[in-house]
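Results of the structural survey
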Amino acid sequence: MIGSMLLMTLTLSTPAQPQHPGVFPYPIDVRDFDNGLRLVGVRFDSPGIAAFYTVVRVGSRHEVEQGKSGFAHFFEHMMFRGTSTYPEDRYNDVLRAIGADSNAYTTFDRTVYHILASSQSLPRIIEIESDRFQNLEYSKEQFQKEAGAVLGEYNKSATNPFMGLYEKLHDTVYDHHPYQHMVIGFLEDIEAMPTLYDHSIEFFDRFYRPEYVTILVVGDYDWDALQRHIEEKYGRWKRGHYLPDIPAEPPQTAPREASVEWPAPTLPILAIGYRAPAFSTERIDMPGLDVLSQVHFGETSPIFQELVIDKQWVDFIQAGATDHADPPIYTILTRVRVPEKLDEVRKALLNELHRICEELADENRLQATKSHMRYQFLLGLDTADAVANTMAHYLALTNDPKTINRVYELYDSVTAEDVRRLAREYFREETRTIVTLSPAPGVSGEE
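Please read all numbers here as calculations on a predicted model, not as lab measurements. (Residues numbered from 1 in each chain as written. Predicted model: local features only at pLDDT ≥ 70, side-chain atom pairs only at ≥ 80, totals over all residues. Heavy atoms only, no water.)

Let's talk about the overall build of the chain
Counting its secondary structure elements, the chain contains 16 helices and 12 strands. For the chain, whose C-alpha radius of gyration is 23 Å, the value lies close to the compact-globule estimate of 22 Å for 447 residues. If you line up the chain on its principal axes, its C-alpha atoms span 70 × 55 × 40 Å. Looking at the chain as a whole, 55% of its 447 residues are labelled buried. (Helix = DSSP H or I, 4+ residues; strand = E, 2+ residues; numbered from the N terminus. Rg over C-alpha atoms; globule rule 2.2 N^0.38 Å. Buried < 20%, exposed > 50% of the residue type's maximum accessible area, 1.4 Å probe, protein only.)

Dropping the structure here:
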């Protein structure tokens, strides 16, 4: 224990402070360690309950080698295989004994392992989580079995036409960047995965290192005790040296278009995509496009009222882009209820984009939208788990818990002029990609 304490010399420990005047309402504790691990605590009023999140800043974005996509998501599975100290069954027995709710998920930019349990279980959680992150073990046979499970997961999701549409959209928009493939990976890479046991060992060694990880605890905890337990159990975890060379996507200089013939009955689905800005706490672009999405494509917008409510040609319209470390796709997505109206729906959406580029948004509507977005954000912070999930999103992007307040300061500053300027900057014909999905010839019947 003494040795581990020496290895993890304190470099920064910030006691909880009220987070005013920002939007995030709860006090935050932060401690950094010499090996690169960051510990973040959020004091939330949930007596006896705490959410324990391990945020690993690795997602499908980091899969840079040809033919080896899908490994970030693969480890979401493999991490439950256990260690020599806590094999899979014993690990699960511990979770059951403490009544914990446990799971994991992977995105383009992060993998998150989360546990919700009693606060008094935190020392036990830290013991089993620190063990599997430092000592994961699996045989070649276990690896191949799990790769088969991932293929089964892909085949299940591949029956969803929206999955087919998004696969085609990403593959059409990107030529070089790993966002070209979905989080689960290219099908041909998943099929080849059982032959890549050695690469799996290398992938784990690269990214499951303290400098890629933030431990996040939200709820009822003792900050001093939490630091001691983390220090004791993660102290000998050694920093790595790998930095991925993620290729930048060159600018798109001409419109692109693709189609998918779906082998089962389905209504046509239309996606209009544009290159969007990467996440930033300095530039107003991404928050401005979020506001634009709500003002111009939300349920009270003119185009929604026309196509969904009045004409009933489509059953929904969604628009926006999720926060990504590198430039994502801003997507306007709709499903056409009246298939013969597909071309008219496409024309109406493109005309609306043109109008958005020319006209200023109504000021009262803009202010009401921003107020509603802030209110909805705060309403979502109603449990320890919900707060942790929101904080994990921003920690994965910047590793800074103050990011939330900075982003909402940008939201507050968005003007109608900003919205129109951003529309003109990003909704250009040469950066547009349109993908349609329709039933293959000969396929008929109800969806």
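Comments concerning the pattern of salt bridges
Tallied over the entire structure, the rule returns 27 salt bridges. Of the charged contacts in the structure, one is a salt bridge between glutamate 127 and arginine 124, with a shortest N-O distance of 3.3 Å. Pair noted here: glutamate 127 and arginine 124 are both in helix H4 (residues 122-135), with a separation of 3 residues, about one helical turn. Take glutamate 127: its relative accessible area is 27%, and that puts it in the partly exposed class. On the basis of relative accessibility, which here comes to 30%, the residue arginine 124 falls in the partly exposed class. Across the pair arginine 374 and aspartate 412 runs a salt bridge, and its minimum N-O distance is 2.6 Å. Separated by 38 residues along the polypeptide, arginine 374 in helix H13 (residues 363-379) and aspartate 412 in helix H15 (residues 403-413) bring together distant segments of the chain. Arginine 374 sits in the partly exposed class, given a relative accessible area of 27%. Residue classification places aspartate 412 among the partly exposed residues on the basis of a relative accessible area of 40%. Linked by salt bridges that have partners in common, Glu65, Glu202 and Arg206 make up one network. (Salt bridge = Lys/Arg side-chain N within 4 Å of Asp/Glu carboxyl O.)

Describing the packing of aromatic side chains
Tallied over the full model, the rule gives 32 aromatic pairs. Here the aromatic rings of phenylalanine 204 and tyrosine 208 are separated by 4.9 Å at their centres, their planes lie at 15 degrees, and the arrangement is stacked. One exposure class covers both phenylalanine 204 and tyrosine 208, and it is buried. (Phe/Tyr/Trp six-rings, centres within 6.5 Å; stacked < 30°, edge-to-face > 60°.)

A short note on the environment of isoleucine 184
If you trace the backbone, isoleucine 184 turns up in the loop between helix H6 (161-173) and helix H7 (187-192). Judged by its relative accessible area of 8%, isoleucine 184 falls in the buried class. Through-space distance from the C-alpha of isoleucine 184 to that of asparagine 160 is 14 Å; in sequence the pair is 24 residues apart. The contact partners of isoleucine 184, leaving out residues within four places of it in the chain, are Gly70, His73, Val150, Glu153, Tyr154, Met163 and Ile190. (Contact = heavy atoms within 4.5 Å.)

Some remarks on the sheet that holds strand S11 (residues 329-336)
Strand order in this open sheet of 5 strands is S8-S12-S9-S11-S10, and the pairing throughout is mixed. Where the open sheet ends on each side, the last strands, each with one partner, are strand S8 (256-262) and strand S10 (314-320). The mean inter-strand angle of the sheet, taken between neighbouring strand axes irrespective of direction, is 10 degrees. Lying over the sheet, helix H12 (residues 342-358) contacts S8, strand S9 (269-275), S10, S11 and strand S12 (432-439), oriented at roughly 30 degrees with respect to S9. (Pairing = 2+ DSSP bridges. Axes fitted to C-alpha atoms, helices over the stretch in contact; angles between N-to-C directions.)

Describing the side chain of serine 280
Position of serine 280 among the secondary structure elements: in the loop between S9 and helix H10 (285-297). Residue serine 280 is classed as buried on the basis of its relative accessible area, which comes to 18%. At 3.1 Å, the side chain of serine 280 and the backbone nitrogen of arginine 283 are in polar contact. (Polar contact = N/O pair within 3.5 Å; in protein donor to acceptor, adjacent residues only side chain to side chain.)

So, the packing of helix H11 (residues 302-310) against H12
Running from amino to carboxyl end, H11 crosses H12 at an angle of 170 degrees, the nearest separation of the two axes being 11 Å. The angle between H11 and H12 falls in the class roughly antiparallel. Touching Pro302, Ile303 and Leu307 of H11 are Val345, Ala348, Leu349, Glu352 and Arg355, all from H12. For the contact of H11 with H12, the class distribution of residues is 6 nonpolar, no polar and 2 charged. (Parallel < 35°, antiparallel > 145°, perpendicular 65-115°, else oblique. Nonpolar A, V, L, I, M, F, W, Y, C, P; charged D, E, K, R; others polar.)

Let's talk about the nonpolar core
Leu216, Phe297, Ile317, Leu349 and Phe427 are the most contacted members of the largest nonpolar core, which totals 71 residues. No other element matches helix H14 (residues 384-398), which puts 9 residues into this core. Setting aside residues up to four positions removed in sequence, leucine 216 forms contacts with Val40, Val42, Ala51, Phe52, Tyr53, Ala388, Met391, Ala392 and Leu395. Phe33, Val56, Ala72 and Ile126 belong to the second-largest nonpolar core, a separate cluster that totals 53 residues. (Core = buried A, V, L, I, M, F, W, Y, C linked by side-chain atoms within 4.5 Å.)

Topic: the packing of H10 against H12
Running from N to C, H10 and H12 point in directions that differ by 120 degrees, and their axes come no closer than 12 Å. Taken together, the axes of H10 and H12 lie oblique to each other. Classified by chirality, the crossing of H12 by H10 is right-handed. Touching Leu292, His296 and Phe297 of H10 are Leu349, Glu352, Leu353, Arg355 and Ile356, all from H12. Class assignment for the residues of the contact of H10 with H12 results in 5 nonpolar, 1 polar and 2 charged. (Left-handed = near helix turned anticlockwise from the far one by under 90°.)

Brief notes about the pairing of S9
Of all 7 residues making up S9, 7 are buried, and the element is well covered by its neighbours. Residues of S9 alternate between two faces, with Ile269, Ala271, Gly273 and Arg275 on one and Leu270, Ile272 and Tyr274 on the opposite face, all of them buried. Examined bridge by bridge, S9 and S12 share 6 bridges and lie antiparallel to one another. Pairing of isoleucine 269 across the sheet is with leucine 437, part of S12.

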